[in-house]
Amino acid sequence: MKRICAWCKKSMGVVTAKGVVEDAVTHGMCAACAKKLFAEIGGDTESFLNGLGVPVVVVDDRGIIRTANAEALNLLDWESSDLAGYRGGDILRCVNAKLPGGCGNSPNCSGCAVRRAVIETFESGKSSVKTPAMIDRKESGESQETEFVISTEKTAGVVLLRIDEMSQR
Ligand SMILES: [Zn+2]
């Protein structure tokens with residue numbers, strides 16, 4: 001199967017059908033386009049992410065949020081577009097993100113499927129597609145177990161985390 005970059009239409013060579021999974025979120029973007037887009041997260045990145053039409057959060061290799069699109073902010077009920085310094089667990093409103101050390105550092109974080117998917121995608125470069133994850137969310141009052149389905153893709157030194165589904169138990 002031949003692949004072309006979905007953005008500049010340049011050929012990306014030939015891959016097996018299995019390779020399609022490698023671009024779970026962007027649906028195939030060549031290294032040059034990815035680098036250009038994510039080198040400086042700014043206006044272009046924002047319109048690209050909003051154009052995907054699904055909630056996407058961009059995290060760096062330390063789990064810190066670089067940006068998120070309008071769909072993600074809306075779904076997660078995050079009012080400010082200021083995400084600087086926040087971690088994945090903060091925007092997901094995970095109860096563990098409020099513990100000392102924050103998201104990724106509590107004793108409960110080792111079993112987190114979101115964290116695992118992001119780390120594995122960073123380390124292997126391989127996307128994950130529709131991975132189930134359970135998060136104990138707390139907005140106000142009681143915390144509530146929430147089921148997420150997420151997909152991840154690594155590109156240009158960041159991981160795109162797509163929220164495919166979110167439902168309270
Ligand atoms: Zn391209």
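Residues numbered from 1 in each chain as written. Predicted model: local features only at pLDDT ≥ 70, side-chain atom pairs only at ≥ 80, totals over all residues.

(A) How the structure looks around unusual backbone geometry. Even without a glycine there, the phi angle at H27 is positive, about 60°. Tracing the backbone shows H27 in the loop between β2 (11-14) and α1 (31-39). Phi angles above zero are rare outside glycine, and D77 is one such case at about 55°. Within the element layout of this structure, D77 appears in the loop between α3 (70-75) and α4 (88-91). (Helix = DSSP H or I, 4+ residues; strand = E, 2+ residues; numbered from the N terminus.)

(B) Representation of the sheet that holds strand β5 (residues 128-137). Spatially, 5 strands are ordered β4-β3-β7-β6-β5 in an open sheet, and the strand pairing comes out antiparallel. At either end of the open sheet lies a strand with only one pairing partner, and these are β4 (65-68) and β5. Taking each pair of neighbouring strands and ignoring which way they run, the sheet shows an average axis angle of 30°. In this structure, strand β3 (residues 56-59) lies alongside β4, joined through 3 bridges in antiparallel fashion. The residue bridging V59 from the neighbouring strand is I65, located in β4. (Pairing = 2+ DSSP bridges. Axes fitted to C-alpha atoms, helices over the stretch in contact; angles between N-to-C directions.)

(C) Spotlight on the nonpolar core. Counting 33 residues, the largest nonpolar core has V56, V57, V58, V59 and L161 as the members making the most contacts within it. Among the secondary structure elements, those contributing two or more residues to this core are α1, β3, β4, α5 (113-124) and β7 (158-168). A total of 5 residues in this core trace back to one element, the largest contributor, which is β7. Beyond its immediate chain neighbours, meaning those up to four positions away, V58 contacts I41, I65, R66, T67, A68, V158 and L160. (Core = buried A, V, L, I, M, F, W, Y, C linked by C-beta atoms within 7 Å. Buried ≥ 20, exposed ≤ 12 C-beta atoms within 10 Å, placed from the backbone. Contact = placed C-beta atoms within 7 Å.)

(D) Broad picture of the environment of S106. The residue S106 is located in the loop between α4 and α5 in this model. Here S106 falls in the partly exposed class, since 18 other C-beta atoms lie within 10 Å of it. Once the C-alpha coordinates of S106 and F148 are considered, the two residues, 42 residues apart in sequence, prove to be 20 Å apart.

(E) Region of the structure containing the pairing of β3. Burial along β3 is two-sided: the residues V56 and V58 and V57 and V59 are all buried. Linking β3 to β4, which pair antiparallel, is a turn of 5 residues; within it G63 sits at a positive phi near 80°.

(F) Fine view of the environment of V25. Assignment of secondary structure puts V25 in the loop between β2 and α1. For V25, a count of 21 C-beta atoms within 10 Å translates into the label buried. Counting along the chain gives 103 residues from V25 to S128, while the straight-line C-alpha distance between them is 9.5 Å. Excluding anything up to four places from it in sequence, V25 contacts V56, S151, E153, L160 and R162.

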